[in-house]
Amino acid sequence: MTGTALVLGGGGYTGIGWEIGMLAGFAAAGVDLATADAVIGTSAGSIVGAQLTSGRLAPDEFFTRQLAPVTGETAARMGARELARFAYLALRSRDAVDFGARMGRLALGSRAAAGPSRRDAVARRLVSHDWPARRLMITAVDATTGQRTAFDDTSGADLVDAVSASCAVPGVWPPVRIGETWWIDGGVHSSANADLAAGYGRVVVLAPVAAGGGPIATAQSQGAALARRGARVCVLVPDRAARAAFGRNVLDPSKRAAAAHAGRRQAAAHLKEVMSVWGE
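Residues numbered from 1 in each chain as written. Predicted model: local features only at pLDDT ≥ 70, side-chain atom pairs only at ≥ 80, totals over all residues. Heavy atoms only, no water.

The name that an unreviewed UniProt entry assigns to the protein chain is PNPLA domain-containing protein, with the source organism given as Streptomyces paromomycinus.

> Sorry if this is basic, but what is going on with the overall build of the protein chain here?
Scanning the protein chain for helices and strands turns up eleven helices and eight strands. Here the protein chain has a C-alpha radius of gyration of 17 Å; the compact-globule value for 280 residues is 19 Å, and the two agree. Projected onto its principal axes, the C-alpha positions of the protein chain cover 50 × 45 × 40 Å. Out of the 280 residues belonging to the protein chain, those deemed buried represent 55%. By sequence separation, contacts in the protein chain at least 24 residues apart represent 79% of the contacts at least 6 residues apart. On the protein chain, roughly 12100 Å² of surface is accessible, and the fraction owed to carbon and sulfur atoms is 51%. Of the side chains in the protein chain, 30 bear a positive and 23 a negative charge, and the two mean positions are spaced by 7 Å. (Helix = DSSP H or I, 4+ residues; strand = E, 2+ residues; numbered from the N terminus. Rg over C-alpha atoms; globule rule 2.2 N^0.38 Å. Buried < 20%, exposed > 50% of the residue type's maximum accessible area, 1.4 Å probe, protein only. Contact = heavy atoms within 4.5 Å. Areas by Shrake-Rupley, 256 points an atom, 1.4 Å probe, with all protein chains shown as cover. Lys, Arg positive; Asp, Glu negative; His and termini not counted. Charge placed at Lys NZ, Arg CZ, Asp CG, Glu CD.)

> Before we go on, may I ask you to explain the UniProt feature "short sequence motif: GXGXXG" (unreviewed entry) in the protein chain in this structure?
The UniProt record marks residues 10–15 with the feature "short sequence motif: GXGXXG" (unreviewed entry), using the residue numbering of this structure. As a span, residues 10–15 carries 67% helix and 0% strand, and end to end its C-alpha atoms are 7 Å apart. (UniProt positions renumbered as here; feature names shortened; annotations may be inferred.)

> What's the story with the packing of aromatic side chains in this structure? I'm lost.
Each aromatic ring pair is characterised by the separation of its centres together with the angle its planes make. Tallied over the full model, the rule gives two aromatic pairs. With centroids separated by 6.4 Å and ring planes inclined at 85°, the aromatic side chains of Tyr13 and Trp173 adopt a geometry described as edge-to-face. Residue Tyr13 is found in helix 1 (residues 12–28), and its partner Trp173 is found in the loop between helix 7 (159–166) and strand 5 (176–178); the two are separated by 160 residues along the sequence. Residue Tyr13 is classed as buried on the basis of its relative accessible area, which comes to 5%. With a centroid separation of 5.1 Å and an interplanar angle of 75°, the aromatic rings of Phe151 and Trp183 are classed as edge-to-face. One end of the pair, Phe151, is in strand 4 (residues 148–151); the other, Trp183, is in strand 6 (residues 181–185), with 32 residues separating them in the sequence. Of the two residues examined, Phe151 and Trp183, each falls in the buried class. Positioned above the aromatic ring of Trp173 is the side chain of Arg118, whose terminal nitrogen or guanidinium carbon lies 3.8 Å from the ring centre. The side chain of Arg264 reaches across the aromatic face of Phe63, ending 4.7 Å from its centre. (Phe/Tyr/Trp six-rings, centres within 6.5 Å; stacked < 30°, edge-to-face > 60°. Lys NZ or Arg CZ within 6 Å of the ring centre and 35° of its normal.)

> Can you walk me through the packing of helix 6 (residues 117–125) against helix 7 in this structure?
Helices that pack against each other are described as a pair by the angle of their axes relative to one another and the distance between those axes. For the pair helix 6 and helix 7, the least separation of the axes is 9 Å and the interaxial angle reads 115°. If you check the angle between helix 6 and helix 7, you find them roughly perpendicular. Like other packed secondary-structure pairs, helix 6 and helix 7 cross with a definite hand, here right-handed. Between helix 6 and helix 7, the contacting residues are Arg119, Val122 and Ala123 on the first element and Val160, Asp161, Val163 and Ser164 on the second. For the contact of helix 6 with helix 7, the class distribution of residues is four nonpolar, one polar and two charged. (Axes fitted to C-alpha atoms, helices over the stretch in contact; angles between N-to-C directions. Parallel < 35°, antiparallel > 145°, perpendicular 65-115°, else oblique. Left-handed = near helix turned anticlockwise from the far one by under 90°. Nonpolar A, V, L, I, M, F, W, Y, C, P; charged D, E, K, R; others polar.)

> Can you help me understand the pairing of strand 3 (residues 135–142) in this one?
As a general feature of sheets, a regular strand has side chains that alternate between the two faces. Burial of strand 3 is extensive: seven of the eight residues sit out of reach of the surface. Inspection of the sheet shows strand 2 (residues 38–42) paired to strand 3 by five bridges, in the parallel sense. Paired with Gly41 across the two strands is Ile138, which belongs to strand 3. One ladder, built from four bridges, connects strand 3 with strand 4; its direction is antiparallel. Within the sheet, the bridge partner assigned to Val141 lies in strand 4 and is Arg148. (Pairing = 2+ DSSP bridges.)

> Help me understand the nonpolar core, please; the structure alone is not making it clear to me.
Note on soluble globular proteins: their nonpolar side chains tend to be buried together. In terms of nonpolar packing, the biggest core is built from 54 residues, with Leu6, Leu33, Phe151, Val163 and Val204 touching the most fellow members. The element best represented in this core is helix 1, accounting for seven residues. Excluding residues that lie within four positions of it along the chain, Leu6 makes contacts with Leu23, Leu33, Ala36, Ala38, Val39, Ile40, Leu52, Val204 and Trp278. Core analysis: the next-biggest nonpolar cluster, separate from the first, contains 15 residues, Ala192, Ala194, Ala207 and Leu226 among them. (Core = buried A, V, L, I, M, F, W, Y, C linked by side-chain atoms within 4.5 Å.)

> What am I meant to see in the pairing of strand 8 (residues 232–236) here?
Judged from the five bridges that link them, strand 7 (residues 202–206) and strand 8 form a sheet pairing that is parallel. Bridging across to strand 8, Val205 finds its partner in Val235. A crossover connection joins strand 7 to the parallel strand 8 through helix 8 (residues 219–228); in handedness this β-α-β unit is right-handed. (Right-handed = clockwise from strand over helix to strand, strands pointing away.)

Structure (structure tokens):
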């Protein structure tokens, strides 16, 4: 196995802030994860990955953007009723693909606001709308079949559309049409999709959502599977302070600055662990 892979999991606006804070903290200490041979982004991680691989932002600039006042984005929410419904569908599903199809039906039949506004918000957040030279994979789930895909520069999908699809939380934001297919959030299949890093020798996983359940594999279990195949793997999840900074609604953009600060502070505690994986 050769090469390095950085896996950036889903986790809402607070997940974006935390991942960027972690990346900035590691970079400040001399470990630049942006040098990864491959970056795999899911949902929130797709936004971070697209910006990280653009080459247009230094780590400190990347971090500073998270501290600016939030404009053009409003908080969304997954309430107890929605979360209970997701859990019910997960328990009834045979596997992640079956769960994806069930969630796809929910998304296609929901009253989530349609129109260009969500795509426009994603487009404003990204510093580049072009696929980068560095390998970037963006995960999404076919709303009809439940199958996961990983968009890249060879897939024919527009980068903004791919990221929008990866972030299309069922029941919160509408599915995204790419070609003849409707797509939903890549986190429906897995919160991190770290299994896509198979074949890389050194893998760091930043997973804002540590939990799994039912057919959904955790980032830790996927990381352990990679390690059994011979990779050096480090899976990092938010600590107690970071979870407190997130609050109860990960889809509240006003929390992203606190999440970014928490991530940057947490990075110091994991520096040796990351260096042991990322170093030659």
